[in-house]
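A structural walkthrough
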Amino acid sequence: TAREPLEAIVAVLEAHGQFGSGIPGLTLAQGAYENSFIIADPGEAWILETAGRRWAARRVERGTASISNAYTIGDDYDLAADDLAGRAAAMGWWDEDAGPVDFAGAYADDSIESRRRTRHARTREECSAGLLGERAGSVDEGWMMRIARDRSTNPSIDLDVTASSCVASLPAGRGTIPVFWWCASVPSTSVYIPFFAHADRLPEIVGRAGTAGVAVTPPERAAIDRFAGNSYWWLVRDLADLVAADRNGRLPVVRERFDALEASFADGLAAVLSKAGRLRARGSGEKAAAVLGDYSAACVDRAVAAVGELRARFAAEAAETDAAFAPLVGIYTANFGAFRNAEFEVLERNDQLAVDIPGQMTVELNDPGPDGRRSIALAPHVSFSFDRGEDGRVTAMHLYEVTTLGRGGSD
């Protein structure tokens, strides 16, 4: 049931806390966030939101629900940490006389930057909730994939920095095999592949990381992962970057190829599930697991081939970098804050100058202002400028971040 993993998660959370930095090289203080979960079985779902060792959970029994990178639970929770209210009162985040503690109201970071991020999250949440509502009662796998690829808002659900996404098809009853559709990198430029919890294996290429490899490493000492040609994720990530360089021209080509692949995977799924189900019913679990593993492997092989062909095509037709950007494009090495010998890459994307911030994301820059600074399109408070030598060659790049300091004291 969904309740069981919820209880397992909060037990570990209360005992050990959490380290939320998703950026290699950053300490807890430099880059932490709290995790949220949707946990579902065929009969109900739970939304679980956390703050350090505290948490609140809301049960969803009917209809649809959606979350994004912000708290959605106020005082409407069904379960919560025993000391949720006491902790909030002790820290001065909530007045016990105000009634039941509002989880989001008490525990959410209320800084200016956090409120800005929350507004972005609300935009995406409202979009996904609206799209779910359009098909309430008849949401299927294809519609979930459509939602993941939506770009109707800014910021959109289909962000260029998306690491991966999935659509979980829950079993209709005991004995039915659940299907886990997984999509590497950005949904709009990738393909969903069926995987199975009951399979005997995963294809090796799916389990490979890039240059950093797979290792259990303290986050602040983790290496930045980079492209490797034997990693499925990195191949798809590279394709996404190639598409981003000419999205209007290349995305239709990608979708024609990948939409056909997804339809083909779905067409073959019923027979595979039926065969595996019969084998499991006869007690031949190992044979059933092999059938499922074989199908995922065959789908991955076809996806890898398609990704390779598309990458080769786009690389061959890639236009030369805009002459105006050519002097700025290249690698810049940073040594400040959390960055130690970190390489920032400046490149051209979507006919705009962009910066690949190591361990974070590739961000597009606006045209330079009167002061020569180019702000990040999605975060105007961060900007870059460039120094030139006497010969006109670019010698350095500067990074600026505007921070707001609230005024304390009396008027």
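Look above for the structure.
Counting its regular elements, the protein chain contains nine helices and 14 strands. Relative to a compact globule of 411 residues, whose C-alpha radius of gyration would be 22 Å, the protein chain shows 24 Å and is just as compact. Across the 411 residues in the protein chain, those meeting the buried criterion constitute 38%.

Turning next to the pattern of salt bridges. Tallying each qualifying case throughout the model produces 23 salt bridges. Residues Arg149 and Glu262 are paired through a salt bridge, measuring 2.6 Å at the closest nitrogen-oxygen approach. One end of the pair, Arg149, is in the loop between helix H5 (141–148) and strand E5 (164–169); the other, Glu262, is in helix H8 (residues 247–281), with 113 residues separating them in the sequence. Of the two residues, Arg149 and Glu262, both sit in the buried class.

So, on to the nonpolar core. In this structure, Trp181, Val191, Ile193, Tyr232, Phe258, Phe265 and Phe314 are the most contacted members of the largest nonpolar core, which totals 43 residues. Secondary-structure elements contributing two or more residues to this core are H5, strand E6 (179–184), strand E7 (192–195), helix H6 (204–207), helix H7 (232–244), H8 and helix H9 (285–317). Looking at this core, the element that brings in the most residues is H9, giving eleven residues. In contact with Ile193, other than residues within four places in its own chain, are Phe180, Trp181, Trp182, Tyr232, Phe265, Ser296, Cys299, Val300 and Ala303. Core analysis: the next-biggest nonpolar cluster, separate from the first, contains 20 residues, Phe325, Leu365, Ala379 and Phe384 among them.

Here we take up helix H1 (residues 3–16). Over its 14 residues, H1 extends 20 Å from the first C-alpha to the last, a length consistent with the 20 Å expected when each residue adds 1.5 Å. Restricting attention to buried positions, one finds in H1 the residues Leu6, Val10 and Leu13. Along the long axis of H1, the arc covered by the buried residues comes to 60°, so they all point the same way. Relative to its buried face, H1 has exposed residues pointing more than 90 degrees away, namely Glu4 and His16. In this structure, the buried side of H1 is in contact with strand E1 (36–40), strand E2 (45–51), strand E3 (54–60) and strand E4 (79–80). One or two residues past the end of H1 sits Gly17, with phi positive at roughly 70°.

Parameters at a glance
- Residues numbered from 1 in each chain as written.
- Predicted model: local features only at pLDDT ≥ 70, side-chain atom pairs only at ≥ 80, totals over all residues.
- Heavy atoms only, no water.
- Helix = DSSP H or I, 4+ residues; strand = E, 2+ residues; numbered from the N terminus.
- Rg over C-alpha atoms; globule rule 2.2 N^0.38 Å.
- Buried < 20%, exposed > 50% of the residue type's maximum accessible area, 1.4 Å probe, protein only.
- Salt bridge = Lys/Arg side-chain N within 4 Å of Asp/Glu carboxyl O.
- Core = buried A, V, L, I, M, F, W, Y, C linked by side-chain atoms within 4.5 Å.
- Contact = heavy atoms within 4.5 Å.
- Expected span 1.5 Å × (residues − 1).
- Arc of directions from axis to C-beta.

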